[in-house]
Each structure stands twice: as structure tokens, then as C-alpha cells.
Amino acid sequence: ETGVTQTPRHLVMGMTNKKSLKCEQHLGHNAMYWYKQSAKKPLELMFVYNFKEQTENNSVPSRFSPECPNSSHLFLHLHTLQPEDSALYLCASSQERGSTDTQYFGPGTRLTVL
Amino acid sequence: GQNIDQPTEMTATEGAIVQINCTYQTSGFNGLFWYQQHAGEAPTFLSYNVLDGLEEKGRFSSFLSRSKGYSYLLLKELQMKDSASYLCAVRDRRGYQKVTFGTGTKLQVIP
């Protein structure tokens, strides 16, 4: 299943680095999501984009900056992260935010902040 | 907000049947999802319930009781490859159809 792809799959960065995570969906969907998954915690919704417009920001620190240039691509720009930001970052897409359809997930980026 | 509870871990034997329970509290319920997530991989969609009753899909079935705030995922004829985490997620019609996930149940299938 390659409907939603994410790169890189693994990333190790220092606290002073700047990096970006990329997500691409090939499903013709209009909504895209960023989730954070930490050990022993539920998936945490970070950002939602619907038709390229950000519709939700769940009190995410400004060191995480999303970008959605079109309905197929979603980025998460990272800068001055903290060790507690180490987690699996998952991208998902669905037909449209606010509808009752299903979200499909990418394989995730395993981020380690040193 | 929503409270979603599911057991942290379960163990079952290959070929057997296992039931994974999920309870939730929300005043704007608008559907419940089950996802399967193998270690290091993406969650994959298993089932969706919005009305009371049982939805069957091959070896997997999902049940919902809205009045009790309760769902279960039933896995039959367990196979070793079913070892994974199973995530219960609830959609709320408030907050623009927000989906909230439980912590997941890690299922280990043993020979």
C-alpha cells in the first residue's frame, strides 16, 4: 500500500538543527493531518489541513511549523527541537475534513532528537 | 473531551478467538474506528461502526453499543501475523468531526 508516503523514514537531529518531514498522498484526498505518536501514549493530532487551509492546530509549540502547498503534499518543518519531541510522526489523509470518511496513514518518520 | 479506554496488553493462542474491548465517553459520538498497527508501521484501517450492532469482515468483526459507550474487536482463527497493536478511535461531531485515539492494545499471539 503506497497511498500515503513519508520521507525520511528515520531522522536523527540535534537540538539546533533545522529539518523537514515530507508527506505525499496519491489518493486524491483533500484533507491531510500530522499526528505525533509517543511510546505508551495515544496518537496526538497536531495539525489538520483541508483544501490546503489549516483548520486545526492543537496547541502545538511553534518549533513545529506545517506547510501545505497543495492537497497532495504536506510538510512539517522542525527547528530547535527538544529531546521530548522524539517520537513517531505520522501523516494521514482523508477525502475531506468534517466528513465521515476514513483516514489513511503513511508509514511515519521515526524522529530522534539528541 | 473524550475518554477512551482499552486494555494495554493481551496474549492469545494461535487459532483461538480474542476480543479486545474499548469503552468511550463523548456527548457528540459520530462513529468508532478500529485500526491495526504493526510495530514500526503505519496504522491500517480495519473497521468502522456508527450504528449499534456487529460488522463482520472476514476473520475480524467489530461491535458497537452506543448506549453503553462500548465497542469490541473480535479476531477469529488467530494467526501469528495478527500480533500488533489495535487502536480504538472515536469521532466526535463537535470540533469539526475530530477523531481521538485510545492508547492501543498490544496483542501478542503465541504458538
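Residues numbered from 1 in each chain as written. Chains lettered and ligands numbered in written order. Predicted model: local features only at pLDDT ≥ 70, side-chain atom pairs only at ≥ 80, totals over all residues. Heavy atoms only, no water.

Visitor: Residues and numbers for the interface of chain A and chain B, please.
Guide: Contact residues are listed per partner, giving 24 residues for chain A and 20 residues for chain B. Each partner contributes to the roughly 1700 Å² buried at the junction of chain A and chain B, and carbon and sulfur atoms together form 54% of this total. Taken together, the connections running from chain A to chain B amount to two residue pairs in polar contact (both at pLDDT 80 or more). Going through the elements one at a time, β4 (31–37), β5 (44–50), β6 (53–57) and β9 (87–94) of chain A are the ones with two or more residues in the side of chain A that touches chain B. Tallied by class, the residues present in the side of chain A that touches chain B amount to eight nonpolar, ten polar and six charged. (Contact = heavy atoms within 4.5 Å. Buried area = accessible area lost by both parts, 1.4 Å probe. Polar contact = N/O pair within 3.5 Å; in protein donor to acceptor, adjacent residues only side chain to side chain. Helix = DSSP H or I, 4+ residues; strand = E, 2+ residues; numbered from the N terminus. Nonpolar A, V, L, I, M, F, W, Y, C, P; charged D, E, K, R; others polar.)

Visitor: Run through the sheet that holds strand β1 (residues 3–5) of chain B, naming residues and quoting values.
Guide: All names here are of chain B. The sheet built from five strands is open, its strands ordered β1-β3-β8-β7-β6 with antiparallel pairing. The two strands at the open ends of the sheet, each matched to only one other strand, are β1 and β6 (53–57). On average, each strand axis in the sheet is tilted by 15° relative to the strand beside it, whichever way the strands run. Sheet topology note: the β6/strand β7 (residues 60–65) ladder contains five bridges and is antiparallel. Directly across from Gly-53, in β7, lies its bridge partner Leu-64. (Pairing = 2+ DSSP bridges. Axes fitted to C-alpha atoms, helices over the stretch in contact; angles between N-to-C directions.)

Visitor: Could you give an account of the pattern of salt bridges, with specific residues and numbers?
Guide: All names here are of chain B. Counted by the stated rule, this structure contains four salt bridges over all chains. Across the salt bridge formed by Glu-56 and Lys-76, the nearest N and O atoms sit 3.8 Å from each other. Placement of Glu-56 in strand β6 and of Lys-76 in the loop between β8 (70–75) and β9 (84–92) is noted, with a sequence separation of 20 residues between them. Classification of Glu-56 by relative accessible area gives exposed; the value is 56%. (Salt bridge = Lys/Arg side-chain N within 4 Å of Asp/Glu carboxyl O. Buried < 20%, exposed > 50% of the residue type's maximum accessible area, 1.4 Å probe, protein only.)

Visitor: Could you give an account of the packing of aromatic side chains, naming the residues involved and the relevant values?
Guide: Residues and elements named next belong to chain B. Considering all chains together, one arrives at 15 aromatic pairs over all chains under this definition. A centroid spacing of 6.2 Å and a plane angle of 35° characterise the contact between Phe-33 and Tyr-35, whose relative ring orientation is tilted. Accessibility assignment for this pair places Phe-33 and Tyr-35 in one class, buried. Centroid distance Tyr-70 to Tyr-72: 6.1 Å. Interplanar angle 55°. Geometry classified as tilted. Residue classification places Tyr-72 among the buried residues on the basis of a relative accessible area of 16%. (Phe/Tyr/Trp six-rings, centres within 6.5 Å; stacked < 30°, edge-to-face > 60°.)

Visitor: Talk me through the pairing of β9 of chain A; I want residue IDs and the actual numbers.
Guide: All names here are of chain A. Of all eight residues that make up β9, eight are buried, and the element is covered over most of its length. In this structure, β4 lies alongside β9, joined through seven bridges in antiparallel fashion. Opposite Ala-31, over in β9, you have Ser-94 as the bridge partner. In this sheet, strand β11 (residues 109–113) lies alongside β9 in antiparallel orientation, the contact comprising three bridges. Residue Leu-88 lies in a different strand from β11, and its bridge partner there is Arg-110. Of the strand pairs in this sheet, β9 and strand β10 (residues 104–105) are connected by two bridges, and their pairing is antiparallel. Looking across to β10, one finds that Ser-93 is bridged to Tyr-104.

Visitor: Please set out the state of the cysteines residue by residue, giving values where relevant.
Guide: Simply put, disulfide is the name for a covalent bond between the sulfur atoms of two cysteines. Residue and element names in this part refer to chain B. The final tally for this structure, using the stated rule, is two disulfides over all chains. Each sulfur in the disulfide pair Cys-22 and Cys-88 lies 2.0 Å from the other. Measuring handedness by torsion sign, the sulfur bridge of Cys-22 and Cys-88 sits at about -70° and is left-handed. Residue Cys-22 is found in strand β3 (residues 18–25), and its partner Cys-88 is found in strand β9; the two are separated by 66 residues along the sequence. By the burial criterion, Cys-22 is buried, and Cys-88 matches it. (Disulfide = S-S within 2.5 Å.)

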